[in-house]
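Secondary and tertiary structure notes
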Amino acid sequence: MSSQDILENASTLASYNVLLQVMFRVLTFLLNAFTLRFVSKELIGVVNVRLTLLYSTVVFLSREAFRRACLSGESGTNRSWRQVINLLWLTVPLGVLWAILLGGVWLWLLEVPDAQIVPYYGPAVVLFALSGVQELLAEPLWVLAQAHMFVRLKVVAESLAMIAKCSVTVVLVMFAREWGLYIFSAAHLVYTGFLVLCYAVYFIRFLGSKEAEKKNFPLYSVTDLLPRRFYDEPLVDWTLARLTWSFFKQSFLKQILTEGERYVMTFLNVLSFGDQGVYDIVNNLGSMVARFIFLPIEESFYIFFAKVLQRGRNIKSQKQEDVAIVADVLECLLKLVLVIGLIITVFGYAYSHLALDIYGGSLLSSGAGPRLLRYYSCYVLLLAVNGVTECFVFAAMSQEEVDKYNLVMLALSVSFLVLSYMLTWWAGGVGFIMANCLNMGLRILHSLLYIHRYFQFSQWKPLRGLLPSPYLLLALAVSAVITAVSEAELCCDGGWLFRLVHIGVGGVCLLVVLVAVLLTETQLIQFVRTQLLPRYRKKHA
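Residues numbered from 1 in each chain as written. Predicted model: local features only at pLDDT ≥ 70, side-chain atom pairs only at ≥ 80, totals over all residues. Heavy atoms only, no water.

We now examine the overall build of the protein chain. Across its full length, the protein chain carries 22 helices and zero strands. Radius of gyration (C-alpha) of the protein chain: 24 Å, near the 24 Å computed for a compact globule of 541 residues. Taken over the C-alpha atoms alone, the protein chain extends approximately 75 × 55 × 45 Å along its principal axes. Among the 541 residues that make up the protein chain, the fraction classed as buried is 57%. For the protein chain, long-range pairs separated by at least 24 residues make up 83% of all intrachain contacts whose partners lie at least 6 apart in sequence. Positive and negative side-chain charges of the protein chain, numbering 43 and 36 respectively, have mean locations separated by a distance of 4 Å. (Helix = DSSP H or I, 4+ residues; strand = E, 2+ residues; numbered from the N terminus. Rg over C-alpha atoms; globule rule 2.2 N^0.38 Å. Buried < 20%, exposed > 50% of the residue type's maximum accessible area, 1.4 Å probe, protein only. Contact = heavy atoms within 4.5 Å. Lys, Arg positive; Asp, Glu negative; His and termini not counted. Charge placed at Lys NZ, Arg CZ, Asp CG, Glu CD.)

This is the structure in structure tokens:
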């Protein structure tokens, strides 16, 4: 598969992932708005912070290292997929081990919520941990699908699973509210069960079919998906296993950085369960765009970079046409996420109070919620840049460099925990966002230095993607001033007429910014139209 084909497939995958994440975020957005009217903020805090943290920790520590290692490099004839499958099945016993260890911590070492306000905490811990193990049963199938660019499979599977989860939650909240945490535990089990079922059904039908033969798929029957030893080769690819171990050591640190504020809230009790619920709602609202645009781009283009670049080799020892494509893509991706992040930062400041008032009423807009969301709007800009820079760095690093970076991640993890604890006592929930900003800035700095050294002695300068047009910056600055004045004069106590005028002012300013993008960032627009919108290419071929 050529570099251009890989880029095309990665772009298609990113497009589908963005659409999928949009649907997820919209459904979750509506679900949270619905449940806010029926359950307490304490129960939401326990579910969205503590129990979700248990699930995400079990799943992340069990599979992330395997995913990164098994999706690195060329797939197909240069790799024994039987050995890869054997390696991937280790995620299940590893998940069981983490579920037992972490479940014990959640049950016996952490503060237990008041049973009158948050009933059935113990069974919910067991069920959330079990749902993590259940999802790992689909891990070998997920990696196969990603490596061979089965983009529609992921969309269909996760869409059906999310719809099922939302349906179960709504029905049980409406008719069995007294079940407490059982409602969300059952919904989560349904979600992971649907994921496993969809992947299993697809591969059972696909393997051995004419479509599989046409695609030269490396596996031929369902038994090839199960772990087993073949007489002519080792049980696993030990080079891949060592790379997995390197990523596994790093996964602890990355998980702390990713979910650091939840660990601090869970283990240090710096916020009450009710305050945790409000913070998590604001956090989810603030991160909607980051999650449904930036994360899919990061995941999809990590695959592109990992397949095109030869890990650990300098730029001169690689195919120059491949390096040229990588440099152009990296520059455009940096410009894309930077522009989106700047727009979110500018307009997020002036519309945080209005957004929270519409979404959750005075429960969210009367306290620290608007301030939290304004700070988070600035944090989104850093999230945007870090996602792209790190996805390139992790794809280009050698195993030795990954091991060295683990030490950097360790220092960042320790500093983040200390900063979170100190800043939260000083500034409340905003302290979490401040600590995240500082750590994210350091991670970006490390990645930028690596990219600069990587392309230092070449003709390509992809970091130019971080330099937007002066006219665009001017449009953003003027919009920031106008919308801030509009909020001070029109929002949000003067009734809906003034709110609508405030929204109209923002709409006009956003239109001016988008026109500035279209007129000044022509290379970026061409990249989006030809790579991130593959259907556009088909319609105009």
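From this point, things continue past the structure.
A cluster of nonpolar side chains, namely Phe267, Leu268, Leu407, Leu410, Val414, Val418, Tyr421, Met422 and Trp425, defines an oily patch on the protein surface of about 900 Å² accessible area. Those elements giving two or more residues to the nonpolar patch turn out to be helix H11 (260–268) and helix H17 (399–427). Mapped onto the fold, Leu407 is located in helix H17. Under the relative-accessibility criterion, Leu407 is labelled exposed at 60%. (Patch = residues over 30% accessible without salt bridge, like charges linked within 9 Å, V, L, I, M, F, W, Y side chains within 5 Å. Areas by Shrake-Rupley, 256 points an atom, 1.4 Å probe, with all protein chains shown as cover. Salt bridge = Lys/Arg side-chain N within 4 Å of Asp/Glu carboxyl O.)

The nonpolar side chains of a soluble globular protein tend to be buried, and buried together. Membership of the largest hydrophobic core comes to 176 residues, with the highest contact counts inside it found for Leu181, Tyr199, Phe203, Phe217, Phe305, Phe392 and Phe455. The biggest single contributor to this core is helix H14 (residues 320–360), with 25 residues. Contact partners of Leu181, with chain neighbours within four places excluded, come to Leu43, Val46, Val47, Leu51, Val118, Pro119, Tyr120, Tyr121 and Ala124. (Core = buried A, V, L, I, M, F, W, Y, C linked by side-chain atoms within 4.5 Å.)

Attention now goes to the packing of aromatic side chains. For the structure on display, the rule yields 25 aromatic pairs. Note on Tyr454 and Phe455: the rings are 5.1 Å apart at their centroids and 70 degrees apart in plane angle, and the pair reads as edge-to-face. On the accessibility criterion, Phe455 (3% relative accessible area) is buried. Members of the aromatic cluster, each reached through a chain of ring pairs, are Phe301, Phe304, Phe305, Phe392, Tyr450, Tyr454, Phe455 and Phe527. One cation-aromatic arrangement involves Lys165 over Tyr191; the distance from NZ or CZ to the ring centre is 5.6 Å. (Phe/Tyr/Trp six-rings, centres within 6.5 Å; stacked < 30°, edge-to-face > 60°. Lys NZ or Arg CZ within 6 Å of the ring centre and 35° of its normal.)

Moving on to the environment of Thr345. As for its placement among the helices and strands, Thr345 is situated in helix H14. Thr345 sits in the buried class, given a relative accessible area of 17%. In this structure the C-alpha to C-alpha distance between Thr345 and Glu299, which are 46 residues apart in sequence, comes to 23 Å. Beyond its immediate sequence surroundings of up to four residues, Thr345 is in contact with Ser377, Cys378 and Leu381.

This part is about the pattern of salt bridges. Counted according to the given criterion, the structure contains twelve salt bridges. A salt bridge links Arg68 to Glu64; the shortest N-O distance between them is 3.1 Å. Taken together, the residues Arg68 and Glu64, both in helix H2 (residues 41–70) and four residues apart, mark about one turn of the helix. For the residue pair Arg68 and Glu64, the accessibility class agrees, reading buried in each case. By sharing partners, the salt bridges in this structure join Arg63, Arg67, Glu135 and Glu139 into a single network.

Right, let's get into the side chain of Ser377. Relative to the helices and strands, Ser377 resides in helix H16 (residues 369–396). With residues near it in sequence (within four places) discarded, Ser377 still touches Ile344, Thr345, Gly348, Tyr349 and Ser352.

Quick reminder: α-helices carry 3.6 residues per turn. Residues three or four places apart thus point the same way. Over its 18 residues, helix H4 (residues 91–108) extends 25 Å from the first C-alpha to the last, a length consistent with the 26 Å expected when each residue adds 1.5 Å. Taken residue by residue, H4 has Thr91, Val92, Leu94, Gly95, Trp98, Ala99, Leu102, Gly103, Gly104 and Trp106 as its buried positions. Looking at the buried side of H4, the elements it contacts are H2, helix H3 (81–88), helix H5 (121–136), helix H6 (139–147), helix H10 (238–258) and H11. (Expected span 1.5 Å × (residues − 1).)

Turning to the environment of Ala115, a few remarks are in order. Tracing the backbone shows Ala115 in the loop between H4 and H5. Through-space distance from the C-alpha of Ala115 to that of Gly180 is 9.6 Å; in sequence the pair is 65 residues apart.

What follows covers the confidence of the model for the protein chain. Taken residue by residue, the protein chain gives an average pLDDT of 84. The fraction at 70 or more is 91%. Here residues 535–541 is a poorly scored stretch, pLDDT under 50, and it has six contacts once near neighbours within four places are set aside; other chains count. (pLDDT = per-residue confidence, 0-100.)

We now examine unusual backbone geometry. Within the chain, Tyr120 stands out as a residue other than glycine whose phi angle is a positive 65 degrees. Its location among the elements puts Tyr120 in the loop between H4 and H5. Judged by relative accessible area, Tyr120 falls into the partly exposed class, the value being 39%. Located in the positive-phi region is Asn269, a residue other than glycine, with phi close to 55 degrees. The topology assignment puts Asn269 in the loop between H11 and helix H12 (273–286). The class for Asn269 is partly exposed, based on a relative accessible area of 38%.

A few words now on H16. End to end, H16 covers 40 Å across 28 residues, agreeing with the expected 40 Å (1.5 Å per residue, within 8%). Roughly 25 degrees is the biggest bend found in H16, and it falls at Cys378. Of all the 28 residues making up H16, 22 are buried; the element is thus mostly covered by neighbouring parts of the structure. (Bend = angle between axes of the 7 residues up to and from the residue.)

Time to look at the environment of Ser56. Tracing the sequence through the fold places Ser56 in helix H2. The spatial distance from the C-alpha of Ser56 to the C-alpha of Gln255 is 8.9 Å, given a sequence separation of 199 residues. A polar side-chain atom of Ser56 sits 3.1 Å from the main-chain carbonyl oxygen of Leu53. (Polar contact = N/O pair within 3.5 Å; in protein donor to acceptor, adjacent residues only side chain to side chain.)

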